[in-house]
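Observations on the model geometry
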Amino acid sequence: VQLLASGGGLVQAGGSLRLSCAASGYTFSSYAMGWFRQAPGKEREFVAATRWSGGSTYYADSVKGRFTYSRDNAKTTVYLQMNSLKPEDTAVYYCAARWRGTIPTILDAANMDYWGKGTLVTVSS
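**Observations concerning the pairing of strand 9 (residues 91–99)**
Note on strand geometry: in a regular strand, side chains alternate between the two faces of the sheet. Relative to strand 9, strand 4 (residues 31–38) runs antiparallel, the two sharing eight bridges. Paired with Trp35 across the strands is Cys95, a residue of strand 9. Across three bridges, the pairing between strand 9 and strand 11 (residues 119–124) is antiparallel. Counted as the bridge partner of Tyr93 is Thr119 from strand 11.

**Observations regarding the packing of aromatic side chains**
Per the stated rule, a full pass over the model turns up seven aromatic pairs. Between Phe36 and Phe46, the ring centres sit 5.8 Å apart and the planes meet at 75 degrees, which makes this aromatic pair edge-to-face. Taken together, the residues Phe36 in strand 4 and Phe46 in strand 5 (residues 45–50) connect sequence positions 10 residues apart. Pair check on accessibility: Phe36 and Phe46 agree, each one buried. Here the aromatic rings of Tyr94 and Trp115 are separated by 6.2 Å at their centres, their planes lie at 85 degrees, and the arrangement is edge-to-face. In this pair, Tyr94 is assigned in strand 9 and Trp115 in strand 10 (residues 114–115), connecting sequence segments 21 residues apart. The exposure class of Tyr94 is buried, given its relative accessible area of 13%. In textbook terms, an aromatic cluster arises when at least three aromatic residues are bridged by ring pairs, as seen for Tyr26, Phe28, Tyr31 and Tyr114. Here the basic side chain of Arg44 rests over the ring of Trp115, its NZ or CZ set 4.6 Å away from the ring centre. In this structure, Arg100 packs its charged tip against the face of Trp52, placed 4.7 Å from the ring centre.

**A word on the state of the cysteines**
Across all of its chains, the model carries one disulfide by this definition. Residue Cys21 pairs covalently with Cys95 via a disulfide, S to S 2.0 Å. Residues Cys21 and Cys95 share a disulfide whose torsion about the S-S bond is about 60 degrees; that sign makes it right-handed. In this pair, Cys21 is assigned in strand 3 (residues 17–24) and Cys95 in strand 9, connecting sequence segments 74 residues apart. You'll find Cys21 and Cys95 in the same group, each marked buried.

**Focus: the sheet that holds strand 8 (residues 77–82)**
One open sheet accounts for four strands, arranged 1-3-8-7; its pairing is antiparallel. Both outer strands of the open sheet, strand 1 (2–6) and strand 7 (67–72), are each paired with one neighbouring strand and no more. Each strand of the sheet is rotated relative to its neighbour by a mean of 15 degrees, with strand direction disregarded. Both strand 3 and strand 8 contribute to a ladder of six bridges, which runs antiparallel. Counterpart to Arg18 in the pairing with strand 8 is Gln81.

**Quick look at the pairing of strand 8**
Within strand 8, five of the six residues are buried, leaving the element largely enclosed by the surrounding structure. In terms of strand pairing, strand 7 meets strand 8 through six bridges, oriented antiparallel. When the sheet's bridge partners are listed, Ser70 is paired in strand 8 with Tyr79. Taken together, strand 7 and the strand that follows it, strand 8, pair antiparallel across an intervening segment of four residues, in which Thr76 is found at a positive phi of about 45 degrees.

Scoring rules and cut-offs
Residues numbered from 1 in each chain as written. Predicted model: local features only at pLDDT ≥ 70, side-chain atom pairs only at ≥ 80, totals over all residues. Heavy atoms only, no water. Pairing = 2+ DSSP bridges. Helix = DSSP H or I, 4+ residues; strand = E, 2+ residues; numbered from the N terminus. Phe/Tyr/Trp six-rings, centres within 6.5 Å; stacked < 30°, edge-to-face > 60°. Buried < 20%, exposed > 50% of the residue type's maximum accessible area, 1.4 Å probe, protein only. Lys NZ or Arg CZ within 6 Å of the ring centre and 35° of its normal. Disulfide = S-S within 2.5 Å. Axes fitted to C-alpha atoms, helices over the stretch in contact; angles between N-to-C directions.

This is the structure we're talking about:
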């Protein structure tokens with residue numbers, strides 16, 4: 001199983017970035033996928049996710065209206081479009097997967113089965 005996150009970088013406040021997470025080595029369509037982040041000195045926190053069977057996307061309150069999660073089963077890739085970035089969005093962003101994950105299980109990082117290595121997002125003020 002491999003989850004490869006990319007797209008991070010340095011951006012000014014108010015800017016945008018699009019993260020990608022390419023998955024391989026498992027039956028992608030049977031897994032819920034989520035994005036989490038970890039800022040320096042803080043615990044890993046939930047950002048966005050959908051259950052394995054599709055449906056609504058769940059977002060952390062801190063990113064609602066600014067971030068958009070999407071999933072392409074044909075490409076076995078999930079994306080996180082991040083707009084109106086703020087300095088407090090600075091963190092390492094991780095994608096993660098859980099077999100047949102549902103809500104609220106996948107809102108907790110401890111419940112995810114597989115993790116990518118993360119991609120660093122730095123937002124300057």
